[in-house]
Amino acid sequence: MAEVPTAVRVAASATDLVKVYGSGDTEVRALDGVDIRFPVGGFTAIMGPSGSGKSTLLHCLAGLDRPTSGSVHIGDTEITGLGDAELTRLRRDRIGFIFQAFNLIPTLTAAENIELPLRLAGRRAEAGWLDRLIDTVGLRHRLDHRPSELSGGQQQRTAAARALATRPDIVFGDEPTGNLDSRAGGDLLGLLRSSAREFGQTIVMVTHDPGAAAFADRVVFLADGRIVDEMADPTADRVLERMKHLELGVSAPDAADAAAASDPEVADGGPADPNG
Amino acid sequence: MWLVTVKGLLAHKLRLAMTALAVILGVAFVAGSFILTDTIERSFQGVINDIAGGIDLQVRPEGTGADFEAGFSQERATVPATLLDEVRDVEGVALADAVVSGQAQVIDADGQPVGGMGPPTLGLNAPTEEGFAGIEVREGRLPTSRGEVALDAFTVRTQGLEVGSAITILAGGPLEEVTLVGSVGFGAADNLAGATVLLFAFDEALERFSPTGDYDQIEILVEDGAELATVADRVASVVSDGVEVVTSEQLVEENTEAVAGVLGVFSTALLAFAGVALFVGVFIIVNTFSITVAQRVREFALLRAIGAGRRQIMTSVLVEAGVLGLLGGLVGLALGVLLAIGLRALLAAFGLDLPAEGLLVLPRTIVVGLVVGLVVTVAAAIAPALRATRIAPVQALQSAAVPTPARRGWGRLVAGSLVTLIGVVLLVIGLVADGGVAALGGGAGAVFIGVALLSPLLARPVVSVLGLPIARLLGIRGELARENAMRNPRRTATTASALMVGVGLVGFVGILGASLTASLGDAVDEVYRLDLDVRSTTFQAIPAAIGDDLAALGETELALTQRLGQFELDDAQRFLFGVDTDRVTDIYAIEVTEGSLDELAAGGIALSESAAERDGVGLGDALQVRFPATGEATLDVRAIYDGRSIDVDYMIDTAFYREFYVSDEVFAIGVLLADGVSPEDGQGAVDAALAAYPGVVAMDRTAVRENLTAQVDQVVGLVYGLLGLAIVIAFVGIVNTLALSVFERVRELGLLRAVGMSRRQVRSMIRWESVLISVLGVTLGLGVGLFFGWLLVQALQDDFPLRLVIPTGQLALAVVIAVVAGVLAGVLPARRAARVDVLRAVTTD
Ligand SMILES: Nc1ncnc2c1ncn2[C@@H]1O[C@H](COP(=O)(O)OP(=O)(O)O)[C@@H](O)[C@H]1O
Ligand SMILES: [Mg+2]
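Residues numbered from 1 in each chain as written. Chains lettered and ligands numbered in written order. Predicted model: local features only at pLDDT ≥ 70, side-chain atom pairs only at ≥ 80, totals over all residues. Heavy atoms only, no water.

### Topic: the packing of aromatic side chains
All told, the structure shown has 18 aromatic pairs over all chains when counted by the stated rule. With a centroid separation of 5.3 Å and an interplanar angle of 20 degrees, the aromatic rings of F97 of chain A and F99 of chain A are classed as stacked. In terms of burial, F97 of chain A and F99 of chain A fall into one category: buried. With a centroid separation of 6.2 Å and 85 degrees between ring planes, the pair formed by F508 of chain B and F788 of chain B is classed as edge-to-face. Within this pair, whereas F508 of chain B is found in helix α14 (residues 489–527), its partner F788 of chain B is found in helix α22 (residues 759–796), the two being separated by 280 residues in sequence. When sorted by exposure, F508 of chain B lands in the same class as F788 of chain B, which is buried. One aromatic cluster in this structure is built from F279, F283, F448, F508, F787, F788 and W790 of chain B. (Phe/Tyr/Trp six-rings, centres within 6.5 Å; stacked < 30°, edge-to-face > 60°. Buried < 20%, exposed > 50% of the residue type's maximum accessible area, 1.4 Å probe, protein only. Helix = DSSP H or I, 4+ residues; strand = E, 2+ residues; numbered from the N terminus.)

### Section: the site of ligand 1
All names here are of chain A. Surveying the vicinity of ligand 1 reveals the residues Y21, V28, A30, P49, S50, G51, S52, G53, K54, S55 and T56. In this structure, an oxygen atom belonging to ligand 1 sits 3.0 Å away from a main-chain N or O atom of G53. At 2.8 Å from an oxygen atom of ligand 1 is found a side-chain nitrogen or oxygen belonging to S55. Here ligand 1 has 550 Å² of accessible area as a free molecule, and 57% of this is covered by the chains. When contributions to the shell around ligand 1 are tallied by element, the ones reaching two or more residues are β2 (28–39) and α1 (54–61). In terms of residue count, the dominant contributor to the shell around ligand 1 is α1 (three residues). Partitioning the shell around ligand 1 into residue classes produces four nonpolar, six polar and one charged. (Near = heavy atom within 4 Å. Polar contact = N/O pair within 3.5 Å; in protein donor to acceptor, adjacent residues only side chain to side chain. Areas by Shrake-Rupley, 256 points an atom, 1.4 Å probe, with all protein chains shown as cover. Nonpolar A, V, L, I, M, F, W, Y, C, P; charged D, E, K, R; others polar.)

### Focus on the nonpolar core
Core analysis: the largest hydrophobic core is formed by 101 residues, its most contacted members being V280, F300, L499, M500, V501, L723 and F788 of chain B. For this core, the element with the most residues is helix α2 (residues 13–53) of chain B, which contributes 17 residues. The residue makeup of this core includes at least three contributed by each of domain 1 (1–53 + 264–402) and domain 3 (459–525 + 702–845) of chain B. Filtering out sequence-adjacent residues up to four positions away, F788 of chain B remains in contact with L427, A444, V447, F448 and F508 of chain B. Counting residues in hydrophobic clusters, the runner-up holds 54 residues, among them L58 and F172 of chain A together with V762 and M765 of chain B. (Core = buried A, V, L, I, M, F, W, Y, C linked by side-chain atoms within 4.5 Å. Domains from an automatic or database assignment. Contact = heavy atoms within 4.5 Å.)

### Things to note about the interface of chain B and chain A
With 26 residues of chain B at the interface, the matching set in chain A holds 27 residues. Here chain B packs against chain A, burying approximately 2,400 Å² in sum over the two surfaces, 66% of which is carbon and sulfur. Between the two partners, chain B and chain A, sit four salt bridges. Where R759 of chain B meets D84 of chain A, a salt bridge forms, and the shortest distance between an N and an O atom there is 3.5 Å. Here chain B and chain A share eight residue pairs in polar contact (both at pLDDT 80 or more) between them. (Buried area = accessible area lost by both parts, 1.4 Å probe. Salt bridge = Lys/Arg side-chain N within 4 Å of Asp/Glu carboxyl O.)

### Considering the side chain of R91 of chain A
Within the secondary structure layout, R91 of chain A lies in helix α2 (residues 84–94). The charged side chain of R91 of chain A is buried without a salt bridge, its nearest counter-charge being D84 of chain A at 5.0 Å. The contact partners of R91 of chain A, leaving out residues within four places of it in the chain, are A62, G63, L64 and F97 of chain A together with R753, A754, V755 and V838 of chain B. (Lys, Arg positive; Asp, Glu negative; His and termini not counted.)

Take a look at the structure:
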């Protein structure tokens with residue numbers, strides 16, 4: 001496991017993170033001692049078979065869910081002990097989200113959705129930043145539209161703009177391209193990558209699509225709630241290869257799930273190797 | 001299909017409970033009204049039976065059946081005293097007793113008359129034998145000599161009096177001390193259906209209550225074994241003209257009918273309020289079912305996809321409604337019993353004490369309660385159920401996320417306008433063309449339904465405007481509250497419409513009350529020239545001697561006694577005003593349009609314009625009338641006046657009055673103070689003179705006006721109270737709608753929380769949505785209420801001119817209350833919304 005050099009500033013980290021659902025017979029260890037750091041400006045993809053704990057990890061990192069044990073830091077802030085109000089403020093000011101679906105408030109326009117976290121905080125965006133963001137995501141002509149009048153790709157790009165609007169310490173995405181066709185997905189991933197490179201935005205994204213993972217700087221592999229591997233400068237082929245090995249080790253029903261996840265249609269339809 | 005229905009019902013207990021609440025409150029009101037009036041009727045019936053059961057026959061003046069009109073005058077037709085001995089001699093008569101009665105009050109420890117403004121206070125002669133006419137001694141004995149009285153056991157008990165002690169009474173003269181020798185009951189009851197009853201020895205009663213020495217009635221027991229009909233015939237053969245014989249059965253029948261008539265008005269009024277409550281409930285039930293159908297689109301579509309027919313879907317929804325209606329009906333019945341107990345306590349507080357027997361729940365009450373619950377709920381669910389049948393199977397596969405925008409309804413506009421118009425036409429027919437209560441109720445209902453139909457079209461613009469300040473002040477949560485209130489106009493509008501009905505009626509009553517108060521006040525200012533108005537606080541006659549006392553004071557210039565008398569004209573009973581016609585215009589501004597009041601003296605009568613028109617007589621005509629004690633007389637019409645201001649249709653001179661009426665009791669005295677006497681000194685002197693007469697007060701013009709205002713306010717307050725229930729139901733509707741909306745928006749709320757909306761902000765957002773809905777309801781309601789008020793005032797313009805007054809203070813208060821109540825209605829849904837788990841937005845189901 002490659003250690004991140006200590007000189008690099010850390011945007012978020014988890015130490016010995018454990019999340020247990022249920023108890024007794026129905027106990028599920030969704031996270032089983034996860035240690036991970038996300039350097040500032042890095043674009044990390046988290047991969048793993050279905051049920052491996054990717055979403056749980058993301059939720060714990062983002063303060064949406066509380067771990068059973070272990071600790072999570074956003075920047076210097078230890079968030080595991082925080083109350084609801086402090087967590088809410090943290091999410092509002094220092095974290096951005098892009099979910100797989102239902103990212104936008106249907107009654108608000110695209111522009112209003114983008115400004116939502118700022119408005120909730122009663123803040124104004126830095127001059128020029130929103131404009132630049134809107135141009136970057138290419139929504140200039142759709143600002144006054146409501147979500148129901150936007151395509152899936154436009155909706156997700158609006159969500160990305162919203163996530164970036166507050167210049168958060170870190171942006172989390174849980175399969176943000178999961179509901180998009182390959183072109184729209186590629187647009188969004190390109191957008192995320194350029195925001196990492198150009199604005200130094202830290203991004204953590206869960207995906208089960210090797211093609212999507214290839215947009216990241218590094219891929220972390222999860223299986224049965226543990227980190228089993230890491231890959232720097234991934235390509236779709238190498239990730240796919242790695243995933244196949246991982247999936248051999250899991251039980252029958254989950255294997256079927258995972259097979260569906262890495263369904264050829266999705267894999268083939270993915271964007272071309274971004275490094276190529 | 002049944003399984004789906006049942007499971008669906010069980011899965012949504014809260015929704016069920018909230019919807020049922022609307023049914024429950026409505027049914028409770030209906031059941032409570034029935035139970036209360038049935039119970040009252042039974043206790044009256046008990047008294048009627050007990051009293052009539054104590055006699056076999058009654059001899060009375062013709063046509064004096066059970067008339068409950070109190071009137072200020074004791075003057076009524078009588079049975080000649082000579083008849084008693086003749087009746088006693090009739091073969092088969094075991095016992096015959098005369099009855100003489102009048103007004104008599106017991107004075108309580110504070111020096112005030114017992115009974116106050118409540119039921120009548122009667123004085124009667126004691127029967128010669130106990131048990132006669134149902135009168136039974138509970139303690140002590142019946143009075144036998146002057147200065148002794150017996151009192152109904154209820155008053156003895158509630159006033160804490162002791163048999164054998166002295167009590168103070170007021171019976172046609174100044175205060176007197178008498179000895180209480182017994183307490184009596186009437187059959188099983190401790191008082192006479194709420195009335196206070198003082199019994200005097202026969203001679204004393206005759207002296208006090210019968211100026212002519214004649215009797216009100218003669219009551220007869222027949223001998224054992226004698227044939228009732230035969231004895232009745234024999235008695236009938238000895239009585240004079242104008243006197244009739246009736247059996248106790250007839251008496252029971254007459255009295256029952258009279259009681260039923262009075263109670264019928266009472267129960268109709270209560271049921272009208274129950275109807276309003278149910279009407280409001282219907283909006284809520286419609287709304288709840290509409291929302292839940294919308295939320296279950298996928299479920300219904302899936303059912304359709306796997307082979308359920310339209311009819312099965314329809315049945316499923318209607319059965320759910322039916323179960324709900326029956327359950328609501330049952331709980332409502334139970335609550336109705338509690339409500340009846342509460343209302344009875346309320347009546348008791350107003351002085352109508354009823355025997356504390358158990359409540360009477362007739363099978364009719366149960367059936368009506370259940371049927372009302374069932375029918376109202378199922379009827380309200382029909383439209384939503386039809387909508388459910390139109391769901392296509394394919395919708396099971398589509399995402400339900402996109403809310404269907406309300407159809408831009410020309411149809412709605414046309415239908416709503418049409419229904420509103422029909423309502424207005426019905427109202428106009430009801431008001432102007434005397435279309436009666438049905439036209440008025442139907443018209444008001446139609447206007448409400450019409451506006452409710454139109455309200456989804458109004459909701460967006462109105463909320464958009466009303467919400468602007470909120471959005472400005474509160475930023476994003478205000479903006480979201482505004483957007484949320486506008487996103488589903490039909491839902492918002494229906495919820496608000498329920499409130500509109502209650503507020504509309506409150507607004508209407510408020511306007512009516514304010515207009516009435518103002519107009520009565522105007523009338524007092526215009527008409528009253530007197531300085532002090534002296535009368536009884538209990539609507540009783542006052543001793544004529546007071547007039548002399550007041551006239552004798554140095555501080556007064558004039559103390560004008562006013563008398564009322566009943567007489568018969570064209571077979572109708574009318575009241576006349578007996579007053580010194582030379583001076584009446586000194587105390588009241590009366591506009592004489594024809595003739596002159598100066599020439600009224602002997603043989604003359606003055607008529608109001610409206611009475612002259614009704615009776616078809618004019619100046620100089622002769623009027624054939626009949627006085628109760630002195631019989632037929634012919635009067636000359638010598639003046640016609642504008643009677644709208646003083647509300648008296650016939651007027652004769654005092655001197656002339658004395659010729660026709662034997663009792664000399666006064667209902668009011670108008671006092672003018674002497675020149676140079678200050679109002680304070682005048683009032684002080686008059687008050688001092690009145691000290692000997694409890695229950696008689698002197699009011700200056702301001703006090704008269706305030707007194708009138710207070711009376712109107714009391715009625716308005718009562719109506720507000722009864723309409724309050726409809727408003728409570730409407731707010732339950734807001735809670736319900738919001739709770740369902742929160743449920744529907746779980747993901748959205750989760751998302752808001754995820755991107756940083758605090759719990760407090762979530763709560764505030766929902767509360768302000770609630771406020772917007774209630775303010776919309778209040779706005780619509782006040783609009784309709786103002787219109788109703790205006791319409792009524794216009795319609796009354798000819799008969800009863802009112803000055804339209806809009807009680808802006810009260811209406812502003814209503815808006816404030818609506819905001820506060822809106823906040824309160826939002827509390828629960830807001831709490832639920834704030835508790836939504838953030839992860840609900842993230843995890844895809
Ligand atoms: N709320 C929950 N209650 C119980 N078990 C859960 C819950 N959420 C997730 N799990 C379980 O935890 C494990 C990890 O889930 P998740 O993090 O969603 O996996 P992934 O996102 O990698 O597919 C799975 O076995 C899942 O069944
Ligand atoms: Mg997942």
